[in-house]
Amino acid sequence: MLAARTTQTSETQQQQQQQQGSSNIFGALTVPGQQQQGAPGTQLSPLAYSSSSHEAVKRELEGIAAAYMPGHSSYRFQHIFLNVLDSPAQQVKPPTVVDELSWKQALRDAGGPDNPDKLWPVAANGFDDLVKRTQAQAEGLSANRARLTEL
């Protein structure tokens, strides 16, 4: 009698799962009588792109490519630092790669072209320029330490 109840209970549970739907190995719920999207034999509607959306996507991809292209004005790995320059002959504006507005802002941040601290904007493009800057700072630091030990 106990075996008959267990069999009857499991059959009832299976019927309820079939009516409610069951989940596949990926956890998606499958409901009887409902076709899944992308199942064999179903037709997926093609995405309709207008020429204007195609052009917008093209412009966006070109913008992304330019952001990672050294030498481009929208290069993402470009920063303007302020260096202390000893002679006015070293005060050279970088090539046209630097955005004009960014350059003017950096020059204002420095205090203008004739600032008393001798600060001048210098552009760094990419990792190589950062490595060169770090090496120059390390050399300057060791020179300052050498001067301090002499005192």
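As shown above, the structure is provided for reference.
So, here is what we can say about the structure in this document.

The rules behind the values
Residues numbered from 1 in each chain as written. Predicted model: local features only at pLDDT ≥ 70, side-chain atom pairs only at ≥ 80, totals over all residues. Heavy atoms only, no water. Phe/Tyr/Trp six-rings, centres within 6.5 Å; stacked < 30°, edge-to-face > 60°. Buried < 20%, exposed > 50% of the residue type's maximum accessible area, 1.4 Å probe, protein only. Helix = DSSP H or I, 4+ residues; strand = E, 2+ residues; numbered from the N terminus. Core = buried A, V, L, I, M, F, W, Y, C linked by side-chain atoms within 4.5 Å. Contact = heavy atoms within 4.5 Å.

Some words on the packing of aromatic side chains
Two numbers describe a pair of aromatic rings. These are the distance of the centres and the angle of the planes.
Part 1 of the argument: Taken as a whole and judged by the stated rule, the model has three aromatic pairs.
Part 2 of the argument: Taken together, a centroid distance of 5.8 Å and an interplanar angle of 70° make the contact between Tyr75 and Phe77 edge-to-face.
Part 3 of the argument: Phe77 sits in the partly exposed class, given a relative accessible area of 46%.
Part 4 of the argument: Seen in terms of ring centroids, Trp103 and Trp120 are 5.7 Å apart; in terms of plane orientation they differ by 70°. Their pairing is edge-to-face. Here Trp120 lies in strand β4 (residues 119-125) and Trp103 lies in helix α3 (residues 100-110), a separation of 17 residues in the sequence.
Part 5 of the argument: What links up through ring pairs into an aromatic cluster is the set Tyr68, Tyr75 and Phe77.

Thoughts on the nonpolar core
Part 1 of the argument: Of all hydrophobic cores here, the largest spans seven residues; its members are Ile80, Leu85, Val98, Trp103, Ala106, Leu107 and Trp120.
Part 2 of the argument: Among the elements that make up this core, the one with the highest residue count is α3 (three residues).
Part 3 of the argument: Ignoring anything within four residues of it in the chain, the contact list for Trp103 reads Ile80, Val92, Lys93, Pro94, Val98, Trp120 and Pro121.

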